[in-house]
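So the chains spell out like this:
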Amino acid sequence: MEKLFTVAYLSELFVGAQDDIAEQIELIWGHIKVLLVVPFVRIFMYINLVMLIMLFTEMVYMVVVVTTNKLFGKKPEQRYKFKPFEDDAELGSSVYPLVLVQVPMFNEREVYQLSIGAACRLSWPSDRIVVQVLDDSTDPLIKGMVEMECQSWASKGINIHYQVRDNRKGYKAGALKEGLKHDYAKQCEYVVIFDADFQPEPDFLTQTIPFLHHNSKLGLVQGRWKFVNSNDCLMTRIQEISLNYHFKVEQEFGSITYAFFGFNGTAGVWRMAALDEAGGWKDRTTVEDMDLAVRASLKGWEFLYIGSLMVKNELPSVLKAYRYQQHRWSCGPANLFRKMIFEIMRNNRVTLWKKLYVLYSFFFVRKIVAHIVAFTLYCIVIPATVLIPEVMIPVWSTIYIPTIITLLNAAGTPRSFYLVVFWVLFENVMSLHRTKATFIGLFEAQRANEWVVTEKHGDASRVKTETQQTQARFKIGERILMLELFVGFVLFGCACYDLAYGKYHYYVYLYLQAIAFIVMGCGYIGNQVPNS
């Protein structure tokens, strides 16, 4: 009996000690929470709210300016002199300036015929145009096919040159730079660039060259992209929404206000003098096109964007290819900002307002803040406030401003308006990838100069057929994204906690966003093309 009493007493003592430890831990956590966690989450929230306001005001301002200009402003041919070229009985075709058309490519089995054919069909006197195919392909079979295609067009009287290099130094920038070293290229007054999946209409040169020829201050004329495979899958429809906003608002705004915008790397015409004065192509970042545009602008050259001039091209329809592209597009601008910030500040050839526009609006808000705030506010701060209810997020930052931003983005693509919810969820998932790439660029980490050419598939319907045939052979391990899955499960846990204990109904959004992260983390979006 005495033994039983002793055991019971020890058990009660042990349980009491456990309760004491639990109470002490809870007390310590309470102090840490009040003194450190809550203030940190609150400060982090305020930082994100400031970034959100910066992005919001920038977007609203741009949309207002572009809309006002569209309703009451001048068209490109009214702002700049435009006079079509006419044949001269005495001078003949010599009245037309000599134009170089560069088509860089790398293992472009599916689209090389489309791009070369479109370049060779451009409407311009045959003795005043030179087509240059810059082939960096590593596959001997593809190189042979591209060379044969060039020979085929040469036999039809087209002045076309097939150029290869011993190495891929500088990637696309290196190929373009090497191509300009040839004697026939040096004689040209203008250079046009089309990536391998771009198919310009025959009148592209007649719509652009006159602007440059009659306006000595213009250094670049940029066309707009038209997506031939936007209906391929949900991912391409979502990309169309984002890119239409970029062209219809960001590019148009830069052109009509400061005569500056980022060169899109293709579907544009450069004045050789502007390219040379800017220092030519540089391969110091993965956005050699933006690098060149900024340097040329700092030399005083003006740019013109023509939204009505559309060039067909292909959107990435495979998630893996799209992620590589977005890494390059997010990391490169941040890295360029890091390398050029002081050069821009010291420049004395452009106005202070233009320098502020380039540094603040073009780089800081659109290329850095826009990527970061989409992830940190909606995928970190909101879940954190579910667990730390002492921090309250203003309603305007979770409902009103995000709704307006979404509508402004979707307005450029009315046919996809019903997809805005998917667009929000998809963009928030991709914001994780873009945020990571942005910080890699800012701190020039290991993958800062990673360059992976975006895959092209040419015929979208054929890709879909291949997808159906090979779906069974596609291994889940080849498309799994661990970081996205981790964030997805964390958000799902926060949604469950908010459903049980919360009072702001964040779980509605968190469940949807968690599902989006998990679905994309498993690779179930876009066309599923297995690794070869």
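Residues numbered from 1 in each chain as written. Predicted model: local features only at pLDDT ≥ 70, side-chain atom pairs only at ≥ 80, totals over all residues. Heavy atoms only, no water.

**Thoughts on the packing of aromatic side chains**
Each aromatic ring pair is specified by the distance between its two centres and by the angle formed by the two planes. A complete count under the given rule lists 28 aromatic pairs for this structure. Here the aromatic rings of Phe-253 and Tyr-357 are separated by 5.9 Å at their centres, their planes lie at 50°, and the arrangement is tilted. With Phe-253 in helix α8 (residues 234-257) and Tyr-357 in helix α12 (residues 352-387), this pair connects stretches of sequence that are 104 residues apart. Among the residues examined, Phe-253 registers a relative accessible area of 1% and is labelled buried. Judged by its relative accessible area of 4%, Tyr-357 is buried. Both rings, one in Tyr-497 and one in Tyr-501, keep their centres 5.0 Å apart while their planes meet at 45°; by these two values the pair is tilted. Linking Tyr-497 with Tyr-501, this pair stays in helix α16 (residues 482-501), spanning four residues, or about one helical turn. A relative accessible area of 36% places Tyr-497 in the partly exposed class. Take Tyr-501: its relative accessible area is 63%, and that puts it in the exposed class. The ring of Phe-106 has Arg-168 lying over it, and the distance from NZ or CZ to the ring centre is 3.7 Å. Here the guanidinium or amino end of Lys-367 rests over the ring plane of Phe-362, the centre of that ring lying 5.1 Å away. (Phe/Tyr/Trp six-rings, centres within 6.5 Å; stacked < 30°, edge-to-face > 60°. Helix = DSSP H or I, 4+ residues; strand = E, 2+ residues; numbered from the N terminus. Buried < 20%, exposed > 50% of the residue type's maximum accessible area, 1.4 Å probe, protein only. Lys NZ or Arg CZ within 6 Å of the ring centre and 35° of its normal.)

**Regarding a negative patch on the surface**
A contiguous patch of negative charge on the surface is contributed by Glu-86, Asp-87, Asp-88 and Glu-90. By the element assignment, Asp-88 lies in the loop between α2 (76-79) and β1 (99-105). Taking relative accessible area as the criterion, Asp-88 reaches 30% and is therefore assigned partly exposed. (Patch = residues over 30% accessible without salt bridge, like charges linked within 9 Å, V, L, I, M, F, W, Y side chains within 5 Å. Areas by Shrake-Rupley, 256 points an atom, 1.4 Å probe, with all protein chains shown as cover. Salt bridge = Lys/Arg side-chain N within 4 Å of Asp/Glu carboxyl O. Lys, Arg positive; Asp, Glu negative; His and termini not counted. Charge placed at Lys NZ, Arg CZ, Asp CG, Glu CD.)

**Digging into the nonpolar core**
If you look at the biggest cluster of nonpolar residues, it comprises 149 residues, and the most contacted ones within it are Val-101, Ile-116, Trp-270 and Val-294. Here the element with the most residues in this core is α12; it accounts for 18 residues. Sequence-distant contacts of Ile-116, that is, excluding residues within four places in its chain, are made with Met-105, Val-133, Val-146, Glu-149, Cys-150, Trp-153 and Ile-160. (Core = buried A, V, L, I, M, F, W, Y, C linked by side-chain atoms within 4.5 Å. Contact = heavy atoms within 4.5 Å.)

**Brief notes about the sheet that holds β1**
Within a sheet, neighbouring strands are paired by backbone hydrogen bonds and run either parallel or antiparallel to one another. Spatial ordering of the open sheet is given by β3-β2-β1-β4-β6-β5-β7, a layout of seven strands whose pairing is mixed. Each end of this open sheet is capped by a strand with a single partner; those strands are β3 (160-164) and β7 (302-313). On average, adjacent strands in this sheet sit at an angle of 20° to one another, irrespective of strand direction. In the sheet, β1 pairs with strand β2 (residues 129-135) via seven bridges, with the strands oriented parallel. When the sheet's bridge partners are listed, Met-105 is paired in β2 with Asp-135. (Pairing = 2+ DSSP bridges. Axes fitted to C-alpha atoms, helices over the stretch in contact; angles between N-to-C directions.)

**Some thoughts on the environment of Gly-117**
Assignment of secondary structure puts Gly-117 in helix α3 (residues 112-120). A relative accessible area of 1% places Gly-117 in the buried class.

**Here's the deal with the side chain of Thr-376**
Looking at the element boundaries, Thr-376 is found in helix α12. Polar contacts involving the side chain of Thr-376 include one to the side chain of Asn-48, which spans 2.3 Å. Setting aside its immediate chain neighbours within four residues, Thr-376 contacts Phe-44, Asn-48, Met-51 and Val-381. (Polar contact = N/O pair within 3.5 Å; in protein donor to acceptor, adjacent residues only side chain to side chain.)

**Thoughts on a positive patch on the surface**
There is a patch of like positive charges on the surface, built from Lys-169, Lys-177, Lys-282 and Lys-299. Take Lys-177: it is sitting in helix α5 (residues 171-179). Overall, the relative accessible area of 45% leaves Lys-177 in the partly exposed class.

**Points about the confidence of the model for the protein chain**
Confidence in the prediction for the protein chain averages 91 pLDDT; 92% of positions are at 70 or higher. In the model, residues 460-473 has pLDDT below 50 throughout and makes 17 contacts with residues more than four positions away in sequence or in other chains. (pLDDT = per-residue confidence, 0-100.)

**A closer look at the side chain of Glu-108**
Within the element layout of this structure, Glu-108 appears in the loop between β1 and α3. Once you skip the residues sitting within four places of it in the chain, Glu-108 turns out to touch Ser-137, Ile-142, Ala-196, Val-453 and Lys-456.

**Examining helix α17 (residues 507-521)**
Its 15 residues give α17 an end-to-end C-alpha distance of 20 Å, which sits within 8% of 21 Å, the value for a rise of 1.5 Å per residue. Buried residues of α17: Leu-510, Gln-513, Ala-514, Ala-516, Phe-517, Met-520 and Gly-521, and no others. Looking down the long axis of α17, one finds its buried residues gathered within 160° of arc, a one-sided arrangement. Contacts from the buried residues of α17 go to α11 (319-346), α12, α14 (420-442) and α16. Taken from the residues just after α17, Gly-523 is the one with a positive phi, measuring 80°. (Expected span 1.5 Å × (residues − 1). Arc of directions from axis to C-beta.)

**Things to note about unusual backbone geometry**
Most peptide bonds are trans, and most residues other than glycine sit at a negative phi. With phi around 60°, Ala-267 is a residue other than glycine that occupies positive phi space. Considering the arrangement of structural elements, one finds Ala-267 in the loop between α8 and β6 (268-271). One non-glycine residue, Glu-444, adopts positive backbone phi at about 50°. On the secondary structure map, Glu-444 appears in the loop between α14 and α15 (460-470).

**Side note on the environment of Phe-85**
Examined against the element boundaries, Phe-85 turns out to sit in the loop between α2 and β1. Taking the C-alpha atoms as reference, Phe-85 lies 9.6 Å from Pro-97; in sequence the two are 12 residues apart.

**Examining the state of the cysteines**
For the structure on display, the rule yields zero disulfides. Looking at Cys-120, it has no disulfide partner, and the nearest cysteine sulfur is the one in Cys-150, 7.3 Å off. What makes Cys-120 buried here is its relative accessible area of 9%. Between Cys-379, a cysteine without a disulfide, and Cys-494, which holds the nearest cysteine sulfur, the sulfur-to-sulfur distance is 11 Å. Looking at Cys-379, the relative accessible area reads 6%, which means it is buried. (Disulfide = S-S within 2.5 Å.)

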